Amino acid sequence: MDLVELKPRLERFVAAKYEGRADASTLEVRDVRKMPGHAGFSYGFSVRGRGRGGEGLDDGWFLRLPPPGVRWRGTADVLRQVAVLRALDGTAVPHCPVRWCAEPEDVRRYENDGDLEAGELRWFGSPYFVVPRLEGDVARLDDTCFTRRLGEQARHEMARQALEALAGLHALDAAVAAPYLGEPLPQHEDVERWDRFVDRCPEPEKMRLVPEVRRRLLAQIPAEAPVGIFHGDFQWANLFYSLGGELLAVIDFELVGVGAILNDVGWFATFNDPEAWHPGRRPAGLMPSAEELVRLYGEAAAVAPDPVELHWYRALAAYKFAIITGLNLSLHRRGKRPDPVWEITALSIEPQLERANRLLGG
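Residues numbered from 1 in each chain as written. Predicted model: local features only at pLDDT ≥ 70, side-chain atom pairs only at ≥ 80, totals over all residues. Heavy atoms only, no water.

## Quick word on the sheet that holds strand S5 (residues 129-132)
- Reading across from one edge, S1-S2-S3-S5-S4 is the order of the five strands in this open sheet, with antiparallel pairing throughout. Each edge of the open sheet is held by one strand with a lone partner, namely strand S1 (28-34) and strand S4 (100-101).
- In this structure, strand S3 (residues 56-65) lies alongside S5, joined through four bridges in antiparallel fashion. Each residue of the ladder has a partner; that of phenylalanine 62, found in S5, is valine 131.
- Those strands touched by helix H1 (residues 3-17) are S1, strand S2 (41-50), S3, S4 and S5, and its axis lies near 140° from that of S1. (Pairing = 2+ DSSP bridges. Helix = DSSP H or I, 4+ residues; strand = E, 2+ residues; numbered from the N terminus. Contact = heavy atoms within 4.5 Å. Axes fitted to C-alpha atoms, helices over the stretch in contact; angles between N-to-C directions.)

## Points about the packing of aromatic side chains
- Tallying each qualifying case throughout the model produces 18 aromatic pairs.
- Pairing tryptophan 194 with phenylalanine 197 gives two aromatic rings, centres 6.2 Å apart and planes at 50°, and the pair type is tilted. With respect to burial, tryptophan 194 and phenylalanine 197 carry one shared label: buried.
- Ring pairing ties together the aromatic residues Phe13, Tyr18, Trp61, Trp100, Trp123, Phe124 and Tyr128, which thus form one cluster.
- The ring of phenylalanine 41 has lysine 34 sitting right over it, with the charged end atom 5.6 Å from the ring centre. (Phe/Tyr/Trp six-rings, centres within 6.5 Å; stacked < 30°, edge-to-face > 60°. Buried < 20%, exposed > 50% of the residue type's maximum accessible area, 1.4 Å probe, protein only. Lys NZ or Arg CZ within 6 Å of the ring centre and 35° of its normal.)

## Quick look at the state of the cysteines
- Scanning all chains against the criterion turns up zero disulfides.
- Cysteine 101 forms no disulfide, and the closest cysteine sulfur to it belongs to cysteine 96, at a distance of 14 Å.
- On the basis of relative accessibility, which here comes to 8%, the residue cysteine 101 falls in the buried class.
- Of all cysteine sulfurs in the structure, the one in cysteine 96 sits closest to cysteine 145, which takes part in no disulfide; the separation is 17 Å.
- Taking relative accessible area as the criterion, cysteine 145 reaches 1% and is therefore assigned buried. (Disulfide = S-S within 2.5 Å.)

## Things to note about the environment of proline 338
- By secondary structure assignment, the location of proline 338 is in the loop between helix H11 (307-333) and helix H12 (341-345).
- With relative accessibility at 62%, the residue proline 338 sits in the exposed group.
- Taking the C-alpha atoms as reference points, proline 338 and asparagine 328, separated by ten residues in sequence, lie 8.9 Å from one another.

## Observations concerning unusual backbone geometry
- Backbone geometry places aspartate 252, a non-glycine residue, at a positive phi of 55°.
- Locating aspartate 252 in the fold gives a position in the loop between strand S9 (247-250) and strand S10 (257-260).
- Overall, aspartate 252 belongs to the buried group, its relative accessible area being 19%.
- Non-glycine residue alanine 302 carries a positive phi angle of around 65°.
- Take alanine 302: it is sitting in the loop between helix H10 (290-301) and H11.

## Section: the side chain of aspartate 137
- Here aspartate 137 shows up in strand S6 (residues 137-138).
- For aspartate 137, a relative accessible area of 18% translates into the label buried.
- Among all residues touching aspartate 137, those that are not within four sequence positions of it are Phe146, Leu239, Phe240, Tyr241 and Leu243.

## Some thoughts on helix H4 (residues 152-170)
- The terminal C-alpha atoms of H4, which comprises 19 residues, lie 27 Å apart, in line with the 27 Å expected from a rise of 1.5 Å per residue.
- The set of residues buried in H4 consists of Arg155, Met158, Ala159, Gln161, Ala162, Leu163, Ala165, Leu166, Ala167, Leu169 and His170. (Expected span 1.5 Å × (residues − 1).)

## Considering the packing of helix H9 (residues 262-270) against H10
- Packing of H9 against H10 brings their axes to within 9 Å, and their N-to-C directions diverge by 150°. Taken as axis vectors, H9 and H10 run roughly antiparallel relative to one another. Every pair of crossing elements has a handedness; the one defined by H9 and H10 is right-handed. Residues Leu262, Val265, Phe268 and Ala269 of H9 lie in contact with H10, whose contacting residues are Ala290, Leu293, Val294 and Tyr297.
- Here the residues of the contact of H9 with H10 sort into eight nonpolar, no polar and no charged. (Parallel < 35°, antiparallel > 145°, perpendicular 65-115°, else oblique. Left-handed = near helix turned anticlockwise from the far one by under 90°. Nonpolar A, V, L, I, M, F, W, Y, C, P; charged D, E, K, R; others polar.)

Here it is, written out as structure tokens:
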């Protein structure tokens, strides 16, 4: 949705949601903008005005919508994110509480009668959720990020907080806390579900190792996998901190699911593993190593992951991200979702597949 269309929709939305709380004649929707990131459709906006008691209002919000023109399933089902964020309410896991959202019954009503004006879908023509804006930044590891101004001990503390939050997420009983997420994803399906995207890569030569890595993954599936809610994209860019290094929220649950929780540990390790990246994109040693992150998770979860099994999850993470990168490179080049970052990230497709193969004994 472009910003020209979004702003009047937000104005109607805000007028309704602030009714009884603010003087409607003073309300202004400001600073409507597309949020940075490489997945999802996210927008920031502010609401200014006067409350009923004359006090000033200056609220910042964050809106998430599904991509236009797609079925509201899988990663496009933003209500999956709502389910996990609500499940985290009352826990020690830092997260952004949902302030307003569509509900599953709104979607069911639309599917039954096709009426986008019924229920909460009327505001944006789709499911949505809104959370408060936080003050701080994600832990980007580029030269401009606040993390470079912190000492080694502070950065280690950032990692400890992250892994404690991850262990807290994994400790939830998925069936009780977030039944909307459905049944656990079998391990073999988590390998095979990426098959349909392999041929999307516009540089097929980069995918030459996919068949071999896939074969090894399916042949070495861990026998007993702890199951729970997994984040799906647990990495520094989805951890939001104060500029002093306090973890304020785990964000972007777009790939959330129920299944083997060590998926997240393998994913986080892969994003901090120099051998999984092109030389120009390798982690610079600013944050703790992959091995240290795994150790911290073991402390937080009180159960250290088996090193051999964790190699499998690290290999799966590298395999998946290589394929995801190829898909997003295609979407970028075809103009479907332009984002030049994928041109740079694509340099690591082959290193990731090679790293996955080595971790599996190849």
